[in-house]
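An overview of the molecular structure
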Amino acid sequence: MFETAIAGSLPKPGWLSETQKLWPQWKLQGEELLQAKRDATLLWIKAQEDAGLDIVGDGEQARQHFVHGFVEQVDGIDFEHKVTMGIRDNRYDAQVPQVVGPLRLKGRVHAMEAQLARAHTKKKLKFTLPGPMTIVDTVADRYYGDKVKMAFAFAELLNQEALALQADGVDIIQFDEPAFNVYMQDAADWGVKALERAALGLTCTTAVHICYGYGIQANNDWKEKLGQEWRQYERVFPALAKSSIDQVSLECFHSHVPMDLMKLLDGKDVMVGVIDVASDVVETPEQVADTIGQALQFVPKNRLFPCTNCGLAPMSREVAEGKLRALAAGAALARSRYGGA
Ligand code: ZN
């Protein structure tokens, strides 16, 4: 009961890349960089286990950014000539690569870190990939001229990598779709279908993470404008409840999401965000257990997975480690509080 996991990313050590940045520059090259990525992956597997998490991940140590890590391994993309583009409905500008031809995988994308993580933990292993709609929102299209067509092209490639990750021994494959909270109608109309295409044929557990973004200034400013009640999930959850995806990861603690929206996910596992990623204040186990207790009004015990609101990539290592421990300790407290029949 209350198996804990993180949304996905963790801070990169200072010897691997710049720190506390969303698009950090690597500090090494070639074989040295590869070795440093491996070392950082192992370090975080150990740290998650030591903190007491039940489900662990690679912490996204081998990719610069959660979308670009995948896109870099796709043919038909000009990664050298990035352009500035407003993303997430122009919430902030990003340097994005351009799609210039038909999309095709160059080969495996995440084999190294998935196989390494699998070889070094007996815990359940979760692996994250960007969702098709979020990828489409993070690249400049110079070829397809049709968002939906391009999303399904990416979904096919994601599916190839996801099936390979499953063969590597990954237990849970999670697609990150923050764009679902921005383009709610598109998400309901075709985003969920593209996601299902990406997950086609998977027999491992499948998940989708939908959040209000990393704790960066542009996101914090955007959240200020969303008003007293954040009801974005209300438009997407019904489509997800009918989908083939097993688990949904959502933002909860310190957000203005009405908790009763979780009821719309009846029949799904719910990864409830009990750790705020926009604040350096480390939650107490009591706060975590309280949030779990509140969510229990809307999600059955056996379907509730305490999680972080989003990735921890832009935080300091010290704060992130504190938050991992708070997550595990809070879930343990919740088990003793609410574990009885
Ligand atoms: Zn997120």
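Below you will find a few notes about this structure. (Residues numbered from 1 in each chain as written. Predicted model: local features only at pLDDT ≥ 70, side-chain atom pairs only at ≥ 80, totals over all residues.)

1. Re the overall build of the protein
Of regular secondary structure, the protein possesses 10 helices and 10 strands. A compact globule built from 341 residues would reach a C-alpha radius of gyration of about 20 Å, and the protein, at 19 Å, matches this within 12%. Its C-alpha atoms give the protein principal-axis dimensions of about 55 × 45 × 40 Å. The burial tally for the protein puts 48% of its 341 residues in the buried class. Partitioning the contacts of the protein with sequence separation of at least 6, the portion at a separation of at least 24 is 78%. (Helix = DSSP H or I, 4+ residues; strand = E, 2+ residues; numbered from the N terminus. Rg over C-alpha atoms; globule rule 2.2 N^0.38 Å. Buried ≥ 20, exposed ≤ 12 C-beta atoms within 10 Å, placed from the backbone. Contact = placed C-beta atoms within 7 Å.)

2. Thoughts on helix H8 (residues 233–241)
Regarding H8, the residues found buried are Tyr-233, Val-236, Phe-237 and Leu-240. Seen from one end, H8 has its buried residues packed into an arc of 105 degrees, which puts them on one side. Of the surrounding secondary structure, the elements contacted by the buried residues of H8 are helix H6 (184–198), strand E7 (205–210) and strand E8 (247–250). (Arc of directions from axis to C-beta.)

3. Let's talk about the sheet that holds strand E5 (residues 140–141)
Read from one edge of the open sheet, three strands run E2-E3-E5, paired in mixed fashion. The sheet is open, and its two borders are formed by strand E2 (74–87) and E5, each paired with just one other strand. Two strands pair when backbone bridges link them, and E2 and strand E3 (residues 92–105) are joined in this way by nine bridges, in the antiparallel orientation. Looking at the pairing, Ile-77 lines up with Val-99 of E3. Strand contacts of helix H5 (residues 147–167): E2, E3 and E5, with the helix running at about 75 degrees to E3, the strand carrying the most contacts. (Pairing = 2+ DSSP bridges. Axes fitted to C-alpha atoms, helices over the stretch in contact; angles between N-to-C directions.)

4. Side note on unusual backbone geometry
If you check the backbone angles, Asp-89 has positive phi at about 60 degrees while not being a glycine. Note that Asp-89 resides in the loop between E2 and E3. We classify Asp-89 as exposed; it has 10 C-beta atoms within 10 Å. Within the chain, Asn-90 stands out as a residue other than glycine whose phi angle is a positive 65 degrees. Within the secondary structure, Asn-90 is located in the loop between E2 and E3. According to the C-beta neighbour criterion, Asn-90 is exposed, with 9 such atoms within 10 Å.

5. Details of the packing of H5 against H6
At a closest axis distance of 7 Å, the pairing of H5 and H6 adopts a crossing angle of 30 degrees. Overall, the two elements H5 and H6 adopt an arrangement that is roughly parallel. Seen from above, H5 lies across H6 with right-handed handedness. Across the interface between the two elements, Val-148, Ala-151, Phe-152, Ala-155, Glu-156, Leu-158, Asn-159 and Ala-162 from H5 touch Trp-190, Ala-194, Arg-197 and Ala-198 from H6. Split by residue class, the contact of H5 with H6 holds nine nonpolar, one polar and two charged. (Parallel < 35°, antiparallel > 145°, perpendicular 65-115°, else oblique. Left-handed = near helix turned anticlockwise from the far one by under 90°. Nonpolar A, V, L, I, M, F, W, Y, C, P; charged D, E, K, R; others polar.)

6. What about the environment of Pro-24?
With respect to the helices and strands, Pro-24 occurs in the segment before helix H1 (30–51). Separated by 289 residues in the primary sequence, Pro-24 and Ala-313 have C-alpha atoms spaced 9.9 Å apart. Each residue touching Pro-24, except ones within four places of it in the same chain, is listed here: Lys-12, Ser-17, Glu-18, Thr-19 and Gln-64.

7. Details of the nonpolar core
Residues Phe-154, Val-270, Met-271, Val-272, Val-274, Ile-292 and Leu-327 are the most contacted members of the largest nonpolar core, which totals 105 residues. If we skip the residues at most four places from it in the chain, Phe-154 touches Leu-103, Pro-132, Ile-135 and Val-136. (Core = buried A, V, L, I, M, F, W, Y, C linked by C-beta atoms within 7 Å.)

8. Re the sheet that holds strand E9 (residues 269–275)
Across the sheet, seven strands lie side by side as E1-E4-E6-E7-E8-E9-E10; this open sheet has parallel pairing. Edge positions in the sheet fall to strand E1 (55–56) and strand E10 (304–308), since each has one partner strand and no second. Pairing geometry for strand E4 (residues 124–130) and strand E6 (residues 172–176), over five bridges, is parallel. What sits directly across from Thr-128, in E6, is Gln-174. Of the strands in this sheet, E9 and E10 touch helix H9 (residues 285–295), which is tilted by about 145 degrees from E9.

9. Some words on H9
Of all the positions in H9, only Val-288, Ala-289, Thr-291, Ile-292 and Ala-295 are classed as buried. In an axial view of H9, the angular spread of the buried residues amounts to 155 degrees, which keeps them on one side of the axis. Among the structural elements, E9, E10 and helix H10 (317–338) are those in contact with the buried residues of H9.

10. What about the pairing of E6?
Within E6, five of the five residues are buried, which leaves it mostly tucked inside the rest of the structure. Here E6 pairs with E7 via five bridges, running parallel. Bridge pairing in E7 links Phe-175 to Val-208. Handedness of the crossover joining E6 and E7 through H6 is recorded here as right-handed. (Right-handed = clockwise from strand over helix to strand, strands pointing away.)

11. Remarks on the environment of Ala-140
With respect to the secondary-structure elements, Ala-140 resides in strand E5. Each C-alpha atom, one on Ala-140 and one on Cys-252, is 32 Å from the other, the two residues being 112 residues apart in sequence.

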